[in-house]
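As a plain string of letters, each chain reads:
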Amino acid sequence: MATVLTAGATFGYAMLWVVVLSAVLGASAQYLSMRLGLLTEDGIVSVVERELGDGWAWVLVADAVLAAGLAQLVIMQGLANVSATVTGVDARVWGVAWAVVLAAGLAGRGYRFVELLAKGLVAAVVVAFLASLVLVPIDPAAAAGGLVPRLPAGVDGALVAAGILGGAVHITLITMHSYTMRARGWTTRDYGLATFDVGASMLVAFGVYSLAIFLVAAGVLHGPEVAAGDLTAVAAAQALGPIAGANARWLFLLGLLGAAVSTLGGNTVVPPYLVADKLGWGTDLSDGRYRALLAGVALFSGVGAFLGGAFFPLLVLVLAFGLVGTPFAIAVVLVLLNGDAVSEPNSTLANLGGVVLFAVTTVLAANFVRSRALSDLGDPLSVFVVVFAAAMGAATLGLLGKFVREAVGRPTAA
């Protein structure tokens, strides 16, 4: 929601191609992760440790935990600020309160009701955006022009493009979807259902959701005075003005609050789940170590309420940062799906899709890193992004080199 609103408001229809591509590539990433989960009947970290070694498993865990952890802080900042806007109570108080609710709910099995309520609020906003498409004047010619791949000049263009793709093809989605297959008890017998699930959720539902928000934002919010770094939640709420009128601000803020709550619930699970799997702990609440780690991550997220800066620009930046670590995760999945980890190696078409996915994420991530390096390498954040990118790039090249060496040395069947 944040990234596509920012893209439409800042650049009009120019990034429509990225929005469409994000749904297609997001579905491709989850399809590959789904295959890994079904064919191995195990989680990705355990498979990496068994097939590639302990060191590669730790690199994957560190990559995902860092991306998820930074996103956790920024999402909590947004949740606390929206709560403060709605109630008038200080955002820092809300941050601490929400962290306690998150910890108690997730570690004590009481979060389900809060999450269902949040999803209901999100659904109302999605319906409002879809309905707004009927009322908002869409420029068909300009929208068609937005399907031509190009990036607006400057740091903002590279940042927003990486943020959009990072929201759909994120390392946390790739790693956790293999565990989703195991949690549902799905095996190769459920291949058709699992494929339908990916197509219906990512390609169709997520794609329509993203397109609706983007087109409404481009039609209502875009103007020469709008900058990616200046968009606020209150300003973005104007996008629902055509359908909600005077209630647009409250509908949007409540929907944003619901989106933050539901996202936090899922995102909090990622670091403890991957770490627990790597350490050989249980990954449910019956294991006290996992339960304590889960509560600790939830409580730590309260720090996010003390961050400065506007939520929308920060979230776009964090998602772009997450994209930097995503090519490594894609490479891991492709290597595993073409090795001894699975009994049915990838088809040529699946590999082609994976290579395209890897190439596009790498190019957009590199473009984002390059823009950060050229804009202000004296900025600590820019230095951190460049160093992280260099480390993950080296890891990716090392992994692909290992795969090629082993493939060349592997005896061929007579």
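This text goes with the structure placed above it.
Our subject in this report is the structure included herewith.

Rules used throughout
- Residues numbered from 1 in each chain as written.
- Predicted model: local features only at pLDDT ≥ 70, side-chain atom pairs only at ≥ 80, totals over all residues.
- Heavy atoms only, no water.
- Helix = DSSP H or I, 4+ residues; strand = E, 2+ residues; numbered from the N terminus.
- Rg over C-alpha atoms; globule rule 2.2 N^0.38 Å.
- Buried < 20%, exposed > 50% of the residue type's maximum accessible area, 1.4 Å probe, protein only.
- Contact = heavy atoms within 4.5 Å.
- Phe/Tyr/Trp six-rings, centres within 6.5 Å; stacked < 30°, edge-to-face > 60°.
- Patch = residues over 30% accessible without salt bridge, like charges linked within 9 Å, V, L, I, M, F, W, Y side chains within 5 Å.
- Areas by Shrake-Rupley, 256 points an atom, 1.4 Å probe, with all protein chains shown as cover.
- Salt bridge = Lys/Arg side-chain N within 4 Å of Asp/Glu carboxyl O.

Here we look at the overall build of the protein
A count of helical and extended segments in the protein gives 18 helices and zero strands. Here the C-alpha atoms of the protein give a radius of gyration of 21 Å, agreeing with the 22 Å that 2.2 N^0.38 yields for 414 residues. For the C-alpha atoms alone, the extent of the protein along its principal axes is close to 70 × 50 × 50 Å. For the protein, the proportion of its 414 residues judged to be buried stands at 53%. Residue pairs in contact within the protein that sit at least 24 positions apart in sequence constitute 82% of those at least 6 positions apart.

Brief notes about the environment of Arg50
Tracing the chain through its elements places Arg50 in helix α3 (residues 44-51). Owing to a relative accessible area of 48%, Arg50 belongs among the partly exposed residues under this scheme. Counting along the chain gives 43 residues from Arg50 to Val93, while the straight-line C-alpha distance between them is 45 Å.

Considering the side chain of His170
Tracing the backbone shows His170 in the loop between α8 (155-168) and α9 (171-184). Once you skip the residues sitting within four places of it in the chain, His170 turns out to touch Ala67, Leu319, Gly322 and Thr326.

Quick notes on the packing of aromatic side chains
Per the counting criterion, the structure on display carries 10 aromatic pairs. For the ring pair Tyr179 and Tyr273, a centre distance of 4.9 Å and an interplane angle of 70 degrees mean the geometry is edge-to-face. One end of the pair, Tyr179, is in helix α9; the other, Tyr273, is in helix α13 (residues 248-279), with 94 residues separating them in the sequence. Overall, the relative accessible area of 2% leaves Tyr179 in the buried class. Given a relative accessible area of 13%, Tyr273 falls into the buried group. With a centroid separation of 6.1 Å and an interplanar angle of 90 degrees, the aromatic rings of Tyr273 and Tyr290 are classed as edge-to-face. Highlighted residues: Tyr273 in helix α13 and Tyr290 in helix α14 (residues 288-300), separated in sequence by 17 residues. In this structure, Tyr273 and Tyr290 share a single accessibility class: buried. The rings of Tyr179, Tyr273 and Tyr290 are connected pair by pair, giving a single aromatic cluster.

Some details on a nonpolar patch on the surface
Residues Val20, Val24, Leu130, Leu147, Leu203, Val204 and Val208 make up a contiguous nonpolar surface patch of about 530 Å² in total accessible area. Of all the secondary structure elements, the ones that give two or more residues to the nonpolar patch are α2 (16-40) and α10 (191-220). For the nonpolar patch, the leading source of residues is α10, giving three residues. As for its placement among the helices and strands, Leu130 is situated in helix α6 (residues 112-135). A relative accessible area of 35% means that Leu130 is categorised as partly exposed.

A closer look at the pattern of salt bridges
Applying the stated criterion across every chain, the model contains nine salt bridges. Here Asp54 makes a salt bridge to Lys278, at a shortest N to O gap of 2.5 Å. In this pair, Asp54 is assigned in helix α4 (residues 54-87) and Lys278 in helix α13, connecting sequence segments 224 residues apart. A relative accessible area of 39% places Asp54 in the partly exposed class. Overall, Lys278 belongs to the buried group, its relative accessible area being 8%. Notably, a salt bridge pairs Lys402 with Glu406, separated by 2.8 Å at the nearest N-O pair.

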